[in-house]
Amino acid sequence: MRCPYCNSKDTRVIDSRSTDDDKVIRRRRKCENCKKRFSTYERYEDNTLIVIKKDNTRQKFDKNKIVNGILKSTEKRPVSISQVENIVEEIENELNATDKKEIPSTEIGKLVMNKLRKLDQVSYVRFASVYREFKDVDSFYKEIKKLKKDDD
């Protein structure tokens, strides 16, 4: 493992711990050259999931895209990074549990919306406005009206 500070290959592991879910091992390393410490994470490699986009193109699943989309919709809302990470972890686990090799992006969007709806309704409407491509104020109004009806 190369040191991110000085690029030396002379590093050693000084501590290893598994995360709470036992799916990732965090290793603290020390560079023998510059003496700085850094962390690395070791995780198992899943079967590669392919996402089928709306235009029928295919691309490798990237959970960072989900994180970025959720972060945009939760901006200036009382939603923590750990809550966002939990949502993404849940979605990734649900997708892996399907044993499908390819999954439509629409299915991923629905999963995100279901999670956001339970977490924060404003974030949900923000995400839905992009996901469902709202064209006007009436689209927002209909979605909010539907939310209110479901809450009653």
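Structure's up top.
Residues numbered from 1 in each chain as written. Predicted model: local features only at pLDDT ≥ 70, side-chain atom pairs only at ≥ 80, totals over all residues. Heavy atoms only, no water.

Chemist: What should I look at first to understand the side chain of Ser8 in this one?
Modeler: One can find Ser8 in the segment before strand S1 (11-18). When its relative accessible area of 14% is taken as the criterion, Ser8 is described as buried. Engagement of the side chain of Ser8 in a polar contact is seen with the backbone nitrogen of Asp10, the distance being 3.0 Å. Among residues more than four places away in sequence, those in contact with Ser8 are Met1, Arg2, Cys3, Cys31 and Asn33. (Helix = DSSP H or I, 4+ residues; strand = E, 2+ residues; numbered from the N terminus. Buried < 20%, exposed > 50% of the residue type's maximum accessible area, 1.4 Å probe, protein only. Polar contact = N/O pair within 3.5 Å; in protein donor to acceptor, adjacent residues only side chain to side chain. Contact = heavy atoms within 4.5 Å.)

Chemist: When you look at the sheet that holds S1 in this model, what are you seeing that I'm missing?
Modeler: With antiparallel pairing, the three strands of this open sheet are ordered in space as S1-S2-S3. Looking at the sheet topology across the chains shown, the edges are occupied by S1 and strand S3 (37-43). With direction set aside, neighbouring strand axes in the sheet form an average angle of 30 degrees. With seven bridges connecting them, strand S2 (residues 24-31) and S3 associate as antiparallel partners. Residue pairing in the sheet places Val24 in a bridge with Arg43 of S3. (Pairing = 2+ DSSP bridges. Axes fitted to C-alpha atoms, helices over the stretch in contact; angles between N-to-C directions.)

Chemist: Even after reading the chapter, I still don't get the sheet that holds strand S5 (residues 58-60), so can you show me in this structure?
Modeler: Two strands in a sheet stick together by hydrogen bonds in their backbones, pointing the same way (parallel) or opposite ways (antiparallel). Read across the open sheet, the three strands follow the order S5-S4-S6; overall the sheet is mixed. A strand with exactly one partner marks an edge of an open sheet, and here the two such strands are S5 and strand S6 (102-104). Recorded for the sheet is a direction-independent mean angle of 35 degrees between the axes of neighbouring strands. Pairing analysis gives three bridges linking strand S4 (residues 50-52) to S5, with the strands arranged antiparallel. Bridge assignment links Ile50 to a residue of S5, and that residue is Lys60. In the packing of helix H3 (residues 105-119) onto the sheet, contacts are made with S4 and S6, and the angle to S6 comes to roughly 65 degrees.

Chemist: What exactly am I supposed to notice about the pairing of S2 here?
Modeler: For a regular strand, the rule is simple: side chains alternate between the two faces of the sheet. Pairing geometry for S1 and S2, over seven bridges, is antiparallel. Across the sheet, the residue bridging to Ser16 is Arg27, located in S2.

Chemist: In this structure, what is going on with the layout of surface pockets? I would like to understand it.
Modeler: Sizing a probe to match a water molecule and rolling it over the atoms shows the empty space that remains. There is about 600 Å³ of room inside the second largest pocket. Forming the walls of the second largest pocket are 23 residues, and the residues nearest its centre are Lys53, Lys65, Ser105, Phe127 and Tyr131. Of all the secondary structure elements, the ones that give two or more residues to the lining of the second largest pocket are S5, helix H1 (63-73), H3 and helix H4 (121-131). A per-element tally of the lining of the second largest pocket places H1 first, with six residues. Partitioning the lining of the second largest pocket into residue classes produces eight nonpolar, seven polar and eight charged. (1 Å grid on protein atoms, 1.4 Å probe; cavity = no way out; pocket = protein on both sides within 12 Å on 5 of 7 lines; lining within 4 Å. Points joined across faces, edges and corners; volume = space filled by probe spheres on them. Nonpolar A, V, L, I, M, F, W, Y, C, P; charged D, E, K, R; others polar.)

Chemist: What is the right way to read the packing of aromatic side chains from this model?
Modeler: Tallying each qualifying case throughout the model produces one aromatic pair. Aromatic side chains Phe127 and Tyr131 sit 6.2 Å apart centroid to centroid with 20 degrees between the ring planes, which places their arrangement in the stacked category. Taken together, the positions of Phe127 and Tyr131, both in helix H4 and four residues apart, correspond to about one turn of that helix. This pair shows no difference in class: Phe127 is buried, exactly as Tyr131 is. Taking NZ or CZ as reference, Lys54 lies 5.5 Å from the ring centre of Tyr131, over its face. (Phe/Tyr/Trp six-rings, centres within 6.5 Å; stacked < 30°, edge-to-face > 60°. Lys NZ or Arg CZ within 6 Å of the ring centre and 35° of its normal.)

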